[in-house]
Amino acid sequence: MRCVHLFDLDAVNPLGDAPFRTFLAGGIAAGDRLLALFAERCGPGRFLVHAALGGSFPGKYSHGCVEVSPKSFPTLTDVCPGAHWFEREIYDMFGILPQGHPELNPLRFHEGWEKRFFPMRGDGSPSPEPRRGYRFLQVRGEGIHEIAVGPVHAGIIEPGHFRFSCAGETIQNLEIQLGYQHKGTESLFTGAPGMRQLLLSESISGDTAVGHSNACARLLEQVLGTPAEHAAEKWRSVALEVERIANHCGDLGGLSTDIGYLFGASHFSRLRGTALNLLMRLTGNRFGRGLNRIGGIGPRVPGIGAEDLLTELARLGSEVEEAGSVLLEAPSVVARMEGTGRLLAATAKTLQIVGVVGRASGRDIDARRDFPSPCFEEHPPRVVVAAEGDVLARARIRYEEMRSSFRWLSKVLSSPFAGTSSPHAGPASGPGRRTLAVSVEEGWRGEIVHAAIVEGNGHIVRYKIADPSFHNWPGLSFAVQKNVVSDFPLCNKSFNLSYSGADL
Amino acid sequence: MDFLLHMTLYIALAPLLSGVLRKTKAFLACRQGAPVWQPYADLWKLFHRGIVRSTSASWLFDLSAPVVLGGTLVLAAATPLHSREVPLPMHFVLYIYLMALPRFFQTLAGLDTGSAFGGLGASREAAVSAMAEPALLLSMCGLAHLGAADPLNMFLSGLPAETALRHPETILIAGTLFLLLLAENSRIPVDDPATHLELTMIHEAMVLDHSGVDLGMIQLASSVRLAVFSALASGVLFPKALTLPVYLALPAALLRLSLFGVLIGAVEAGTARMKLSRVASFLMVATVLAAIALALQYAG
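So, how was this worked out
- Residues numbered from 1 in each chain as written.
- Chains lettered and ligands numbered in written order.
- Predicted model: local features only at pLDDT ≥ 70, side-chain atom pairs only at ≥ 80, totals over all residues.
- Helix = DSSP H or I, 4+ residues; strand = E, 2+ residues; numbered from the N terminus.
- Rg over C-alpha atoms; globule rule 2.2 N^0.38 Å.
- Buried ≥ 20, exposed ≤ 12 C-beta atoms within 10 Å, placed from the backbone.
- Contact = placed C-beta atoms within 7 Å.
- Nonpolar A, V, L, I, M, F, W, Y, C, P; charged D, E, K, R; others polar.
- Pairing = 2+ DSSP bridges.
- Axes fitted to C-alpha atoms, helices over the stretch in contact; angles between N-to-C directions.
- Domains from an automatic or database assignment.
- Expected span 1.5 Å × (residues − 1).
- pLDDT = per-residue confidence, 0-100.
- Core = buried A, V, L, I, M, F, W, Y, C linked by C-beta atoms within 7 Å.
- Parallel < 35°, antiparallel > 145°, perpendicular 65-115°, else oblique.
- Left-handed = near helix turned anticlockwise from the far one by under 90°.

### What about the overall build of chain B?
The secondary structure content of chain B amounts to 10 helices and 0 strands. Overall, chain B shows an N-to-C arrangement of helices and strands of α-α-α-α-α-α-α-α-α-α. For 300 residues, the compact-globule formula gives about 19 Å, and the C-alpha radius of gyration of chain B, at 19 Å, lands near that figure. Principal axes of the C-alpha set define a box for chain B whose edges measure 55 × 45 × 40 Å. Scored against the burial criterion, the 300 residues of chain B give a buried share of 51%.

This is how it looks when you write it as structure tokens:
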């Protein structure tokens, strides 16, 4: 299975600082992407930093780790800028200082938290230096003013603080301060593998329940040696695509609302509802919760036959096609979106931007093709890439992805489902050795990575989740630079990142 | 008596215009929408509420809402709605600057509370109104000239009571006034009155700190302002409606305002809001239209 990879950690020796750095720099230079960078406490006062890389060659994974002192380690952001937020996270959770990090602000624990609170550091390590407070970048000059928005917003959305430094209307710098949703999710995943992890994975980011639970289910299955059969895998991928369609519809509706384009707003909001209702009939929940079990899918899935689903999808597909072509060809809409919030291809590559936003900025990456799950290996998806990197490109990518999802679904649903979809009956056992399992899935927002370090008996000691939002939030700051303040909500909507998924 | 009828008509019909506008938008978006008398209910609610006031606000803030409403009502008193006679005839240049008065106080109030959004909205509002001024001046000038009456007095009362088709320049002036109506009343494509996004707001950002009775006054003033512009533009297009006897003129006024409600609603439903940087060229179009109208008048 190419969407999950197991590394035998017993056979791997931690690298030194310099070789680890060379490993990371070499991988990035060769065009690999950083799937996840995370620390692990492997004993009292002993810490390892793991890096998982993935290449665009189908299913190519590599892993390196380094033993670091409880105090600090040399930063890797200079050789791999995509590691920027990962290192801030390591500092916040473990209290290990990335020496030389360009902007070491707290990611999660702002003023109000205990300054020596490092939840994953554990006992037995020397007490770390107290965390310094958050320092916003100061922009100076004539006519520069600051606008502070949030963390409480004028709408039912998640909390996050945005600090703009503007010269008149033009944004000179945007600083995004998240962390208001931190809930210790990753620590909750440790322990014996079971249904608990699956349920947790569905609430990592409420709009990506299927994506995250697919990644989590496959990881647990590979670790326990109870892989799902073909039919179950197929329903998982079908649910994933229906979830993608629902969210892309919602995003196009949201973009229309933000520019005051009534037609798009009302039709795409309605179509999102239709797609969610399909997901409801398929999985029993509008957001796709309860789809997965370890080794298969839930007892009441699918609640709708392949033929009925095909008919419903065909109807939805033609409506999406019609509404999308009206929206994306309306002159006032194109004029509003074109050239707004441009994220340059070079920036996207450097920052390791993933998913829809990455593909709109010329990144030819899609986990469905690069790390295919069995169903996508059998029926490869069409990957849509654009070069412009503006709001219009991101809207068009969403529309085109929906169209190819509809085509893919009609192909897959009319082919036979082999085997049973109910959970594997065989006995579950651990991998026998200390193992790092990496599972990748292309959620609607982008590449979802779940990584787990598992003891020989199957006990999970460290679970790391990299939601696409975590990669993409820094990109938003770059996309809005030199744009006008009044365009920010539109740019933000075109990224549509999860706060919850980034604040794990 | 005439004064009372005129003012009552404006205050009574202005919220209806907003209601019709919103209903049209809802209808075109395939939604049911709120009933057309919803704006009256909103006003009633707001006028029965207390005021929450920022601790950093000064007397300027308290003064702004009454001045905004008062200034707009004076404007309404000078704009014909059901007859050529207006209770308060005035020179067109005075008229233009009376239009600016409520906006000036609104802008000050936006700056007064010291919130980032108020300042942002105030600076945008000032920019838009400055860019709209040439078009406004030229179209009023054209209007006064069209009347061929004493421009020192009543600029619309002297309008020829003929169909607009005889005078192409009247259509151009009405077009200019419609573009100005969109820009001056924070409608799409210049501003989005329905948005919840503080960072994109123009007019709404300035009134974020107002509440209760103050907000009620400001909303009523906005409705009356929209009615004033609609009455002006429709008066140019249908000058005969102003010469009808009272029992016909009142339904005609209602009809004209409703027609504009539908028209503005349709424009809003079919267009996306433009980039802030393009508002200048939008208003430039209005200015050029007004200039052509004026040139036609002098040539003819």
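### Notes on the overall build of chain A
Of the regular secondary structure elements, chain A holds 17 helices and 14 strands. Against the 2.2 N^0.38 benchmark of 23 Å for 504 residues, chain A shows a C-alpha radius of gyration of 22 Å, consistent with a compact globule. In terms of overall dimensions, chain A has C-alpha extents of about 70 × 60 × 40 Å along its principal axes. Sequence separation of 24 or more characterises 70% of the internal contacts of chain A that already satisfy a separation of 6 or more.

### Let's talk about the interface of chain B and chain A
If you look at the interface, chain B gives 24 residues, while chain A gives 22 residues. For the side of chain B that touches chain A, a count of residues per class yields 13 nonpolar, 5 polar and 6 charged.

### Regarding the sheet that holds strand β12 (residues 435-442) of chain A
Hydrogen bonds between backbone atoms are what pair the strands of a sheet, whose relative direction is either parallel or antiparallel. All names here are of chain A. One open sheet accounts for 4 strands, arranged β1-β12-β13-β14; its pairing is antiparallel. For this open sheet the edge positions go to β1 (4-8) and β14 (460-466), each flanked by a neighbour on one side alone. Each strand axis lies, on average, 15° off the axis of its neighbour in the sheet, ignoring direction. In this structure, β12 lies alongside strand β13 (residues 447-454), joined through 8 bridges in antiparallel fashion. Its bridge partner being in β13, Val-440 is matched across the sheet by Val-449.

### Quick notes on the domain arrangement of chain A
Size of an interface, as often reported, equals the accessible area lost when the parts are brought together. Residues and elements named next belong to chain A. Domain parsing of chain A yields domain 1 (9-99) and domain 2 (185-466). The straight-line distance from the C-alpha centre of domain 1 to that of domain 2 is 27 Å. Each side of the interface is counted separately: domain 1 has 18 residues, and domain 2 has 19 residues. Elements that contribute at least two residues to the side of domain 1 that touches domain 2 include exactly β2 (33-43), β3 (46-54) and β4 (61-68). It is β2 that contributes the most residues to the side of domain 1 that touches domain 2, 6 residues altogether. Of the residues contributing to the side of domain 1 that touches domain 2, the split by class is 9 nonpolar, 6 polar and 3 charged.

### Description of helix α7 (residues 262-283) of chain A
Given 3.6 residues per turn, any residue in an α-helix points the same way as the ones three and four places further on. For α7 of chain A, with 22 residues, the first-to-last C-alpha span of 32 Å sits near the 32 Å given by 1.5 Å per residue. The first or second residue beyond α7 of chain A is Gly-284 of chain A, which carries a positive phi of 90°.

### A closer look at the sheet that holds strand β7 (residues 144-149) of chain A
Residue and element names in this part refer to chain A. With antiparallel pairing, 3 strands are arranged side by side in an open sheet as β7-β8-β9. Every interior strand has two partners, whereas the edge strands, β7 and β9 (170-177), have only one. For this sheet the average axis-to-axis angle between neighbouring strands, irrespective of direction, equals 20°. Here 7 bridges tie strand β8 (residues 161-167) to β9, and the two strands are oriented antiparallel to one another. Bridged to Phe-162 within β9 is Ile-176.

### So, unusual backbone geometry
For residues besides glycine, phi is generally negative; the peptide bonds are generally trans as well. With an omega of 5°, the peptide bond running from Gly-150 of chain A to Pro-151 of chain A counts as cis. Relative to the elements of secondary structure, Pro-151 of chain A occurs in the loop between β7 and β8. The linkage connecting Ile-188 of chain B with the following residue, Pro-189 of chain B, adopts the cis geometry, with an omega of 15°. Relative to the elements of secondary structure, Pro-189 of chain B occurs in the loop between α6 (168-184) and α7 (203-206).

### Considering the confidence of the model for chain B
Confidence along chain B averages 89 in pLDDT terms, with 93% of residues attaining 70 or more. For chain B, per-element mean pLDDT is lowest for helix α5 (residues 116-147) of chain B, which scores 89, and highest for helix α2 (residues 38-47) of chain B, which scores 97.

### Some remarks on the nonpolar core
With 223 residues, the main nonpolar core has Ala-275 of chain A together with Leu-177, Leu-180 and Ala-227 of chain B as its most contacted residues. Counting residues per element, this core draws most heavily on helix α8 (residues 212-237) of chain B, which supplies 15 residues. Two domains each provide a minimum of three residues to this core, namely domain 1 (9-99) and domain 2 (185-466) of chain A. Once you skip the residues sitting within four places of it in the chain, Ala-275 of chain A turns out to touch Val-242, Ile-245, Ala-246, Cys-249 and Leu-316 of chain A.

### Side note on the pairing of β2 of chain A
Walk down a regular strand and you will see the side chains alternate between the two sheet faces. Residues and elements named next belong to chain A. With respect to burial, β2 is a largely interior element, 8 of its 11 residues being buried. Inspection of the sheet shows β2 paired to β3 by 9 bridges, in the antiparallel sense. Bridging from a neighbouring strand, Leu-37 pairs with Ala-51 of β3. Between β2 and β3, which pair antiparallel one after the other, the connecting turn spans 2 residues, and Gly-45 there sits at a positive phi close to 75°.

### Examining the packing of helix α3 (residues 59-77) of chain B against helix α4 (residues 92-112) of chain B
Residues and elements named next belong to chain B. With their axes 8 Å apart at the nearest point, α3 and α4 run at an angle of 165° to one another. One element, α3, and the other, α4, form an angle in the roughly antiparallel class. The hand of the α3/α4 crossing is left-handed. Taking contact as the criterion, the partners of Leu-60, Phe-61, Leu-63, Ser-64, Val-67, Val-68, Gly-71, Thr-72, Val-74 and Leu-75 in α3 are, on α4, Leu-98, Met-99, Leu-101, Pro-102, Phe-105, Gln-106, Leu-108, Ala-109 and Asp-112. Here the residues of the contact of α3 with α4 are counted per class, giving 14 nonpolar, 4 polar and 1 charged.

### Concerning the packing of helix α6 (residues 230-258) of chain A against helix α14 (residues 391-413) of chain A
All names here are of chain A. The interhelical angle for the contact between α6 and α14, taken along N-to-C directions, is 155°, at an axis separation of 9 Å. Between α6 and α14, the angle falls in the class roughly antiparallel. Judged by the twist between their axes, the crossing of α6 over α14 is left-handed. Taken together, the residues of α14 that come into contact with α6 (itself represented by Lys-234, Val-238, Glu-241, Arg-244, Ile-245, His-248, Asp-251, Leu-252 and Leu-255) are Ala-395, Arg-398, Tyr-399, Glu-401, Met-402, Ser-405, Trp-408, Leu-409, Val-412 and Leu-413. Looking at the contact of α6 with α14, its residues break down into 11 nonpolar, 2 polar and 6 charged.

### Some details on the environment of Ala-221 of chain B
Topologically, Ala-221 of chain B is positioned in helix α8. Between the C-alpha atom of Ala-221 of chain B and that of Leu-283 of chain B, which follows or precedes it by 62 residues, the distance is 23 Å.

### Topic: α6 of chain A
Look at α6 of chain A: 42 Å from first C-alpha to last across 29 residues, which is about the 42 Å you get at 1.5 Å a residue. Counting buried residues along α6 of chain A, 27 of its 29 residues qualify, which places the element largely inside the surrounding structure.

### Points about the environment of Gly-142 of chain B
All names here are of chain B. With respect to the secondary-structure elements, Gly-142 resides in helix α5. Classification of Gly-142 by C-beta neighbours within 10 Å gives buried; the count is 28. Discounting residues that sit within four places of it in the chain, Gly-142 has contacts with Glu-169, Ile-173, Ala-290, Ala-293, Leu-294 and Gln-297.

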